Amino acid sequence: MATNEMLVAWMNDAHALEKGIVETLETQVEAASDHPEVKRGIEEHLEATKTHVRLVEECLETLGEKPSTVKEGMATITSKAQGMMMGGAKDKLVKSALNDYSTEHMEI
């Protein structure tokens, strides 16, 4: 694989990951409605993640590429599946925080 193709593939992976995180965080904001401080922290994380999405899109555009709709779709499915697995868990916010923590390390 040519270097540019590999970079585009990695950028598409990053874009899909960030888009999936946006969807997850949007759900978590709703779940944290009874916990204003937690909600505020999730909203800050959400805004930072939206910025990451935009920055990766700009990088792809600079390379003459567009985000992969296939990878983005897979990220959406994964995000939805994670939300369904949480279901009606009583400790949903704690489980979400643990999931977010591991996702941040995956991003790094």
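Since the model is a prediction, treat every value here as computed from it, not as a measurement. (Residues numbered from 1 in each chain as written. Predicted model: local features only at pLDDT ≥ 70, side-chain atom pairs only at ≥ 80, totals over all residues. Heavy atoms only, no water.)

### Digging into the overall build of the protein chain
Phase 1: Secondary structure assignment for the protein chain yields four helices and zero strands.
Phase 2: When the elements of the protein chain are put in sequence order from the N terminus, they spell out α-α-α-α.
Phase 3: For the protein chain, restricting intrachain contacts to residue pairs at least 6 apart in sequence, the fraction spanning at least 24 positions comes to 73%. (Helix = DSSP H or I, 4+ residues; strand = E, 2+ residues; numbered from the N terminus. Contact = heavy atoms within 4.5 Å.)

### Points about the nonpolar core
Phase 1: Formed by I21, V22, L25, V29, A32, I42, L46 and V53, the largest nonpolar core amounts to eight residues.
Phase 2: Apart from residues no more than four positions distant in its own chain, I21 is found in contact with H45, T49, T103 and E107. (Core = buried A, V, L, I, M, F, W, Y, C linked by side-chain atoms within 4.5 Å. Buried < 20%, exposed > 50% of the residue type's maximum accessible area, 1.4 Å probe, protein only.)

### Overview of the pattern of salt bridges
Where side chains of opposite charge bring their charged atoms close, a pairing between them can arise.
Phase 1: The tally for this structure, following the rule as stated, stands at three salt bridges.
Phase 2: As a salt-bridge pair, D13 and K71 come within 2.6 Å of each other at their nearest N and O atoms. Of this pair, D13 sits in helix α1 (residues 3–31) while K71 sits in helix α3 (residues 69–86), placing them 58 residues apart in sequence.
Phase 3: Assessed through its relative accessible area of 38%, D13 is described here as partly exposed. (Salt bridge = Lys/Arg side-chain N within 4 Å of Asp/Glu carboxyl O.)

### A look at the packing of α1 against helix α4 (residues 92–107)
Phase 1: In the contact formed by α1 and α4, the axes pass within 11 Å of each other and the chain directions differ by 160°. The angle between the axes of α1 and α4 places the two elements in the roughly antiparallel class. Relative to α4, α1 is oriented so that their crossing is left-handed. Contacts between α1 and α4 involve L17, E18, I21, T24, L25, Q28 and A31 from the former and L93, S96, D100, T103 and E107 from the latter.
Phase 2: Of the residues belonging to the contact of α1 with α4, the class tally is five nonpolar, four polar and three charged. (Axes fitted to C-alpha atoms, helices over the stretch in contact; angles between N-to-C directions. Parallel < 35°, antiparallel > 145°, perpendicular 65-115°, else oblique. Left-handed = near helix turned anticlockwise from the far one by under 90°. Nonpolar A, V, L, I, M, F, W, Y, C, P; charged D, E, K, R; others polar.)

### Observations regarding a nonpolar patch on the surface
Phase 1: A surface patch of nonpolar side chains, about 300 Å² in accessible area, is lined by M6, L7 and W10.
Phase 2: One can find L7 in helix α1.
Phase 3: Judged by relative accessible area, L7 falls into the partly exposed class, the value being 35%. (Patch = residues over 30% accessible without salt bridge, like charges linked within 9 Å, V, L, I, M, F, W, Y side chains within 5 Å. Areas by Shrake-Rupley, 256 points an atom, 1.4 Å probe, with all protein chains shown as cover.)

### Some thoughts on helix α2 (residues 36–62)
Along an α-helix, residues three or four positions apart point the same way, because every turn accommodates 3.6 residues.
Phase 1: Compared with the 39 Å implied by 1.5 Å per residue over 27 residues, the 39 Å span of α2 between its first and last C-alpha is a close match.
Phase 2: Among all positions in α2, only I42, L46, T49, V53, V56 and L60 are buried.
Phase 3: Here the buried face of α2 lies against α1.
Phase 4: In the stretch just after α2, G64 is the one whose phi turns positive, near 80°. (Expected span 1.5 Å × (residues − 1).)

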